[in-house]
Amino acid sequence: MMRPVLVLLVTAAVALLGWRLLDRHITAANVEGPLHGVTYAPWAKDQDPIEAKASGIFSFLRTAVSEDTAPAIKPRRAQVERDFATFAGKVEYVRTYRTSDGGEYMPELAQRYGLKLVPGAWIYSVNEAKLQFGRDAAEVNAEETRALIRMANQNPNIERVMVGNENILRWDGQKDQRDSNAVSPVQLIREIRNVKRNVKVPVSTAEPWHIWLRYPELAREVDFLAVHVLPYWDEQSSETPLEYLKNKIGMLKQAYPNKNIIVTEVGWPSNGAQRRSPATGLIKQATPAEQAKNIRDMVAWLKAQNIDYFVVEAVDQPWKAYDLEGKAGGYWGLWNADRQQKFAWTGSIETFPQWLACALWSLLAALPIMGLFLWRWRDLGIAGQFIFCGLTLLATSAVAYGGAVAAGTYMRWSEVAGWGGLAFFLIVSLGMALVQALEMVETIWRGRWTREALPAAEMIPLQPADREWPKVSIHVAICNEPPAMVIQTIESLEGLDYPNLEVIIIDNNTKDPAVWRPVQDYCAQLGERFKFFHFDTMKGFKAGALNYVLSQTAPDAKIIGVIDSDYMVRPDWLKAVVPHFDDEKVAYVQGPQDHRDWTGDRFKEMLNWEYAGFFDIGMCLRNEYDAIIQHGTMTLVRKDRMEEMNGWATWCITEDTELGLRLMEKGYGAMYSRERFGHGLTPDHFAGYKKQRFRWAYGAMQIMKAHAGKMIGNSTKLTGWQKYHFVAGWLPWFADALNLIFTWAGLAWVLAVLVPPLFGIKPVGLPPSEFIAPTIGIFVFKLVYSFGLYADRVKCSFRQSIGASLAGLALTYTVGLAVIYGLMTSRLPFMRTPKMDERATLRMALGMARSEAILTGLLWLSAIVLWRTSGVLDPEARLWSVFMIVQSLPFAAAVLVSVVNALEQMRHERAVFETAAEPVPAGPALQPAQ
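Residues numbered from 1 in each chain as written. Predicted model: local features only at pLDDT ≥ 70, side-chain atom pairs only at ≥ 80, totals over all residues. Heavy atoms only, no water.

Q: Would you mind going over the overall build of the chain with me for this structure?
A: Counting secondary structure elements, the chain contains 34 helices and 22 strands. Here the C-alpha atoms of the chain give a radius of gyration of 38 Å, more than 25% beyond the 30 Å that 2.2 N^0.38 yields for 930 residues. Viewed in the frame of its principal axes, the chain has a C-alpha envelope of about 135 × 75 × 60 Å. Counting contacts in the chain only where the partners sit at least 6 residues apart, residues at least 24 apart contribute 80% of the total. Accessible area for the chain stands at about 40400 Å²; split by element, carbon and sulfur atoms hold 59% of it. If the 96 positive side-chain charges of the chain are averaged to one point and the 96 negative ones to another, these points end up 4 Å apart. (Helix = DSSP H or I, 4+ residues; strand = E, 2+ residues; numbered from the N terminus. Rg over C-alpha atoms; globule rule 2.2 N^0.38 Å. Contact = heavy atoms within 4.5 Å. Areas by Shrake-Rupley, 256 points an atom, 1.4 Å probe, with all protein chains shown as cover. Lys, Arg positive; Asp, Glu negative; His and termini not counted. Charge placed at Lys NZ, Arg CZ, Asp CG, Glu CD.)

Pasting the structure below:
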């Protein structure tokens, strides 16, 4: 018992250490005493002034509705008073932007709490005034400036005023309709002069540093330079934020040596997109730690230089993230939107102070899983125990980290729904990955296999010489199959070394007599042990045909065997597996599917080893829990149990698996023999391979819907492990469906990012990187899972395991589509898998993977466009581009496998043509008669 405890303690310690390493202590300048000033927008966390004004009713409500009845539109006086009380003693000046946002009472409240006010008048362009107020810009601007003048003249705690904010920046950036969309320098100067004539305090307007350098005529009109220096927004700079501030102030001092410079906006956001300089590659991160360090360094320097400054901004304004500046716009505050101070002004700064809480939550979530695992699999190899526990903690840590990020993010209800959907997808994906991790460690580090069937070389000699062998009736259902192939199968059955046997072949729904009559004629030559039936029309497809054959089976038959029409069986098959029925509980015995025609064909080789993975890995592990899946070939079933089950289910297109599940629900068991007793043909082309897997996945959904209640409840004799393995076996197919849905959603999301800016509309933000990185990690784990299991269990080379992985990956779209169809529909016609159909060209190959090729192209195009546009400045956009490429790999694999199929078929056809064209060598010369 000590080893599981040791594994638990070591894994938990490593997890704690990993979390601790995320939290570094960085140094920054200490700032003592109150700040000179902060900028202030009076809106509460749940308010959005832009959205409210855009509704066209703001102006009316501002005058016609009381403050208490319109809280979502007007600043709340009580909130402003609470904010000013918070600032008291910490801030000397408060800068505001619009007189209409509480300007009538702010001076009084500022005076009450010992604050000085620097109010501003917002100068509207023609279109701004029309959109927000439905009024003329000159009229609205006159109201703003009259209110500003009144405030300045009536309140001694107002020492400066501002006319306009970044008006010329917007003018400078306009290319079309400048006069309507922005305020020109001439208009702004006119407003500045008007205010200067009517007040006794200094007047200026606020603009970024480069605007002051570019428009000296504006500088001549103001009493001081009100400068915005915001290094976060300058992607071209390779300087640190402090170096950037020093440089820009130096440039302004050199250009205007006699002007007083006041930095009216300086700051850094605590959240938002990373910004990357395309010239230098320097990445600017918007994190709480970066905000604390950069603001403290910049404020300390400004204080040392005796430069008045205003930190932008006092309180986070979540609405700006949606209406103005992107995600970062909502996070510039020194206090968050709940009015909690974000950082201390002295001492070291922690980069991830939540590390301990996240570590404890991840451990709390992981401990039950790890504890159950270590108790149930305490004899597993210690490496496997460490790996599973480590992967479990990685999964819970990813969720905990995502939760921490979500807790620090302002969201609207639509975003809450979006994050919730992403979180659900992540948790489900991580859960599925842990199921696969359990399979991996249990398979590779298992001490011994307790239910492994004896090989034929050991089983047959154990049987007594006078053993009475029960009669076996072998059933072969065919439909439009090449007669030569079916005859090969019959020949192999004829060679079975078994004394008590009958074989029944039924051809159903084959219209052309030239296809089924050769098989009938061949059976007629073999005597009474071989029977043949043909029906032009048979309801129920393969299941219906097998049910009919069951009714024609010899009364003394005890065991029913079923093989596919392309299988050639070993002579010792029955003698090696029939003894398993000596255990009365065993209702059926299953052998693996294997193939004989793949050598020398890369496409078929890929398919062969992809099939082998399931039969050498999944089926062996399931057999340990008596939870194997019955397959429609190489299977033997007790006849009386089949009759008890009323035969094969005609409503299900995977009637074999459904029968096996029904038998287990009755409490009967099964046995699996890993030994290859039969070999069939692989599908000849990719379309047939897809069709076969679509049928399997669709049938699984039929079974799941029909048996879901029995899986959940206790109405059957299914064991917990049988239920687990059936559900776990379906999970990868559900993962493919989720992957397909996520791919379509991802493409739609990228369109919402790229298209709106083309029409001047604000784009949707990219999904959080906290969800993208774990998804890429899951994909990497699945590669490790696949190659690890193949290396341990499947007797193939590494190159062949790569081919098998590509073949399996190529089915992602098909399986995902089948699951979606299976959940939404009830019935689908039975689809046979064509064999010995070797027609394929390159055009046909692309046609067989048309949907996957289109998805691959769309994902690659999206990734390239995103990388070349948003990715130039935003590293998170680059991560999303990488994710789109990763997301495309399953669909690209389908195209690749299909092309390999076509190239192999063309090579075979060329070889056949060249062989036929070779001249026949002359025979020996005839000798004269003696």
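So, next bit.
Q: Can you walk me through the packing of aromatic side chains in this structure?
A: Two measures describe an aromatic ring pair: the distance that separates the ring centres and the angle between the ring planes. The full count for this structure, using the stated rule, is 38 aromatic pairs. With a centroid separation of 5.6 Å and an interplanar angle of 85°, the aromatic rings of Phe-742 and Phe-883 are classed as edge-to-face. With a gap of 141 residues between them, Phe-742 in helix 28 (residues 720-754) and Phe-883 in helix 34 (residues 875-917) connect regions that are remote in the sequence. When its relative accessible area of 2% is taken as the criterion, Phe-883 is described as buried. With centroids separated by 6.4 Å and ring planes inclined at 80°, the aromatic side chains of Tyr-813 and Phe-891 adopt a geometry described as edge-to-face. (Phe/Tyr/Trp six-rings, centres within 6.5 Å; stacked < 30°, edge-to-face > 60°. Buried < 20%, exposed > 50% of the residue type's maximum accessible area, 1.4 Å probe, protein only.)

Q: Is there a simple way to think about the sheet that holds strand 21 (residues 669-672) in this case?
A: Sheets are built from strands that pair by backbone hydrogen bonding, the pairs being arranged parallel or antiparallel. Ordered by their spatial adjacency, seven strands build an open sheet running 16-15-14-17-20-19-21, and the pairing between neighbours is mixed. The outermost strands of the open sheet, each flanked by one partner alone, are strand 16 (530-535) and strand 21. On average, adjacent strands in this sheet sit at an angle of 20° to one another, irrespective of strand direction. Where strand 19 (residues 586-590) and strand 21 come together, four bridges link them in parallel fashion. Across the sheet, Val-586 pairs through a bridge with Gly-669, a residue of strand 21. Relative to the sheet, helix 21 (residues 513-524) contacts strand 14 (471-478), strand 15 (501-508) and strand 16, its axis offset from that of strand 16 by approximately 155°. Across the sheet, helix 24 (residues 602-624) lies against strand 19 and strand 21, angled at about 145° from strand 21, the strand it touches most. (Pairing = 2+ DSSP bridges. Axes fitted to C-alpha atoms, helices over the stretch in contact; angles between N-to-C directions.)

Q: Teacher, can you tell me more about unusual backbone geometry here?
A: If a residue is not glycine, its phi is most likely negative; likewise, a peptide bond is most likely trans. Between Val-312 and Glu-313 the backbone carries a cis peptide bond, its omega angle lying at 0°. Relative to the helices and strands, Glu-313 is located in the loop between strand 12 (309-311) and helix 15 (320-323). Its identity is not glycine, yet Asp-626 carries a phi of approximately 50°, on the positive side. With a relative accessible area of 13%, Asp-626 lands in the buried category.

Q: Explanation requested: the pairing of strand 3 (residues 91-95) in the structure shown.
A: Side-chain positions along a regular strand alternate between the two faces of the sheet. The buried fraction of strand 3 amounts to four of the five residues, a majority that puts the element mostly inside the structure. Bridge count between strand 2 (residues 35-39) and strand 3: four bridges; the pairing is parallel. Residue pairing in the sheet places Val-38 in a bridge with Val-94 of strand 3. As paired elements, strand 3 and strand 4 (residues 116-118) share three bridges and run parallel to each other. The partner of Val-94 across the bridge, within strand 4, is Leu-117.

Q: Just to check I follow, could you spell out the side chain of Gln-800 for this structure?
A: Among the structural elements, Gln-800 can be located in helix 30 (residues 798-809). On the basis of relative accessibility, which here comes to 13%, the residue Gln-800 falls in the buried class. Polar contacts involving the side chain of Gln-800 include one to the side chain of Glu-605, which spans 3.0 Å. For Gln-800, the side chain forms a polar contact with the main-chain nitrogen of Ser-797, separated by 2.9 Å. (Polar contact = N/O pair within 3.5 Å; in protein donor to acceptor, adjacent residues only side chain to side chain.)

Q: Where do I start with the nonpolar core in this structure?
A: Within soluble globular proteins, side chains that are nonpolar generally end up buried alongside one another. In this structure, Phe-373, Tyr-588, Leu-663, Phe-686 and Met-884 are the most contacted members of the largest nonpolar core, which totals 125 residues. Ignoring any residue separated from it by four or fewer positions in sequence, one finds Phe-373 in contact with Arg-378, Leu-380, Gly-384, Gln-385, Phe-388, Cys-389, Leu-438 and Val-441. Leu-109, Ile-168, Leu-245 and Trp-335 belong to the second-largest nonpolar core, a separate cluster that totals 86 residues. (Core = buried A, V, L, I, M, F, W, Y, C linked by side-chain atoms within 4.5 Å.)

Q: Is there a simple way to think about the packing of helix 18 (residues 413-444) against helix 29 (residues 769-793) in this case?
A: The axes of two packed helices give the description: the angle between them and the distance between them. With their axes 10 Å apart at the nearest point, helix 18 and helix 29 run at an angle of 20° to one another. Considered as vectors, helix 18 and helix 29 are oriented roughly parallel to each other. Like other packed secondary-structure pairs, helix 18 and helix 29 cross with a definite hand, here left-handed. Grouping the amino acids of the contact of helix 18 with helix 29 by side-chain chemistry returns 16 nonpolar, five polar and four charged. (Parallel < 35°, antiparallel > 145°, perpendicular 65-115°, else oblique. Left-handed = near helix turned anticlockwise from the far one by under 90°. Nonpolar A, V, L, I, M, F, W, Y, C, P; charged D, E, K, R; others polar.)

Q: Sorry if this is basic, but what is going on with the pairing of strand 20 (residues 635-638) here?
A: Side chains Thr-635 and Val-637 of strand 20 all project onto a buried face; the interleaved residues Leu-636 and Arg-638 project onto the opposite face, where all are buried too. Strand direction decides the pairing type here: strand 17 (residues 557-562) and strand 20, joined by four bridges, are antiparallel. Bridging across to strand 20, Ile-559 finds its partner in Arg-638. In this sheet, strand 20 lies alongside strand 19 in antiparallel orientation, the contact comprising three bridges. The partner of Tyr-588 across the bridge, within strand 20, is Val-637.

Q: What's the story with helix 10 (residues 185-198) in this structure? I'm lost.
A: For an α-helix the count is 3.6 residues per turn, leaving residues at separations of three or four pointing the same way. Along its 14 residues, helix 10 runs 20 Å from first to last C-alpha, staying within 8% of the 20 Å computed at 1.5 Å per residue. Along helix 10, the positions that sit buried rather than exposed are Pro-185, Leu-188, Ile-189, Glu-191, Ile-192 and Val-195. Buried positions in helix 10, seen along its axis, are confined to an arc of 160° and lie on one side of it. Summarising the geometry of helix 10, the exposed residues directed more than 90 degrees from the buried face are Val-186, Arg-190 and Arg-197. Those residues of helix 10 that are buried are in contact with helix 7 (137-154), strand 6 (161-165), helix 8 (167-173), strand 7 (203-208) and helix 12 (216-221). (Expected span 1.5 Å × (residues − 1). Arc of directions from axis to C-beta.)

Q: Can you walk me through the packing of helix 24 against helix 29 in this structure?
A: For the pair helix 24 and helix 29, the least separation of the axes is 10 Å and the interaxial angle reads 80°. The orientation of helix 24 with respect to helix 29, classified from their angle, is roughly perpendicular. Here helix 24 contributes Trp-609, Glu-610, Gly-613, Asp-616, Ile-617 and Cys-620 to the contact with helix 29, which in turn contributes Leu-789, Tyr-790 and Arg-793. Residue classes in the contact of helix 24 with helix 29 are distributed as five nonpolar, one polar and three charged.

Q: How should I be thinking about the pattern of salt bridges in this particular structure?
A: A side chain of one charge can pair with a side chain of the opposite charge when the charged atoms of the two come close. Considering all chains together, one arrives at 43 salt bridges under this definition. Arg-446 serves as the salt-bridge partner of Glu-624, at 3.4 Å between the closest nitrogen and oxygen. Separated by 178 residues along the polypeptide, Glu-624 in helix 24 and Arg-446 in the loop between helix 18 and helix 19 (456-459) bring together distant segments of the chain. Here Arg-907 ties to Glu-904 by a salt bridge, and the two come within 2.6 Å at their closest N and O atoms. Taken together, the residues span about one helical turn, with Arg-907 and Glu-904 both in helix 34 at a distance of three residues. Each of the salt bridges in this network shares a partner with another, and the network as a whole consists of Arg-77, Glu-81, Glu-108 and Arg-112. (Salt bridge = Lys/Arg side-chain N within 4 Å of Asp/Glu carboxyl O.)

Taken by themselves, the reported measurements are silent on function.
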